[in-house]
Amino acid sequence: MKKASPPHEPRNNEDIVRSVRMWVNTFVVEMNLCPFAKYEMLNNRVRFATTSAITEEQLLMTLQEELELLNDDPSVETTLLIHAHVLQNFGDYNQFLSYADKLLSEMGLEGIYQIASFHPDYQFGGTNPDDAENYTNRSPYPILHLIREASLERAIEEYPNVDQVPIRNVALMDSLGQTKLQSLFESLFKL
């Protein structure tokens, strides 16, 4: 099995952000995996935040700071919190998501924000690691995507057949195939 994980350690935060920004433009926007992303990217309302956290505790502290920043700065629509040095193992990452949701609840932000998950080795339940559909949630580095729920609800109301988006995305990934997707993915690290 080929792994989608980065073939090298990240060189610096600029390289990390460059790879993630390229992924957003190449996978998310150009392939229209998220029909709401293009508008926010064009309007420069996506925050690409990196952290040097090497423990889950440090990452939780950074997550709290990013949620506070979103609360204080309405000009930032959404944050991609990129944590390239912690939770490289997808199982550990997936387990960490319950801690992130608990933090939302403890901060009184449940229903105000939600956290979407992206990881280099993302694997949906019931799929094989090599299944192309996993690429809908694969990213160059582990990412916690902080989303304003009110904005998401407005976007959903304005988008026809939003419930068809995941179905279309899986069909697109399957049509491209794992080999082509892996090649596109690996190109993100050759910047």
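It should be emphasised that the depicted structure is a prediction, and the values quoted were computed from it without experimental measurement.

Draft legend 1. Representation of the side chain of Thr51 within the structure. Within the secondary structure, Thr51 is located in the loop between β1 (46–50) and α3 (56–72). Here Ala53 takes part through its backbone nitrogen, which lies 3.0 Å from a polar atom of the side chain of Thr51. A polar atom in the side chain of Thr51 sits 3.3 Å from the side chain of Thr62. With residues up to four places along the chain from it excluded, the contact list for Thr51 reads Leu59, Thr62, Leu81, Ile82, His83 and His85.

Draft legend 2. Examining the nonpolar core more closely. Of all hydrophobic cores here, the largest spans 29 residues; its most connected members are Val20, Trp23, Val24, Phe27, Phe48 and Ile82. Of all the elements, helix α1 (residues 13–29) adds the most residues to this core, at eight residues. With residues up to four places along the chain from it excluded, the contact list for Trp23 reads Val28, Phe118, Arg138, Ser139, Pro140, Ile143, Phe185 and Leu188. If you look at the next biggest cluster of nonpolar residues, it comprises 23 residues, including Leu59, Leu63, Val86 and Ile115.

Draft legend 3. Quick look at the environment of Asn44. Secondary-structure assignment places Asn44 in the loop between α2 (37–42) and β1. Residues Asn44 and Glu77, spaced 33 residues apart in sequence, show a C-alpha to C-alpha distance of 9.0 Å.

Draft legend 4. View of the sheet that holds strand β3 (residues 113–118). The sheet built from four strands is open, its strands ordered β1-β2-β4-β3 with mixed pairing. Bordering the open sheet on either side are β1 and β3, each of which pairs with just one other strand. Across the sheet, the mean angle separating the axes of adjacent strands is 20° when strand polarity is ignored. As defined by bridge partners, strand β2 (residues 78–82) adjoins strand β4 (residues 143–148) across five bridges and the pair is classed as antiparallel.

Cut-offs applied
Residues numbered from 1 in each chain as written. Predicted model: local features only at pLDDT ≥ 70, side-chain atom pairs only at ≥ 80, totals over all residues. Heavy atoms only, no water. Helix = DSSP H or I, 4+ residues; strand = E, 2+ residues; numbered from the N terminus. Polar contact = N/O pair within 3.5 Å; in protein donor to acceptor, adjacent residues only side chain to side chain. Contact = heavy atoms within 4.5 Å. Core = buried A, V, L, I, M, F, W, Y, C linked by side-chain atoms within 4.5 Å. Buried < 20%, exposed > 50% of the residue type's maximum accessible area, 1.4 Å probe, protein only. Pairing = 2+ DSSP bridges. Axes fitted to C-alpha atoms, helices over the stretch in contact; angles between N-to-C directions.

That is the geometry; function is a separate question.
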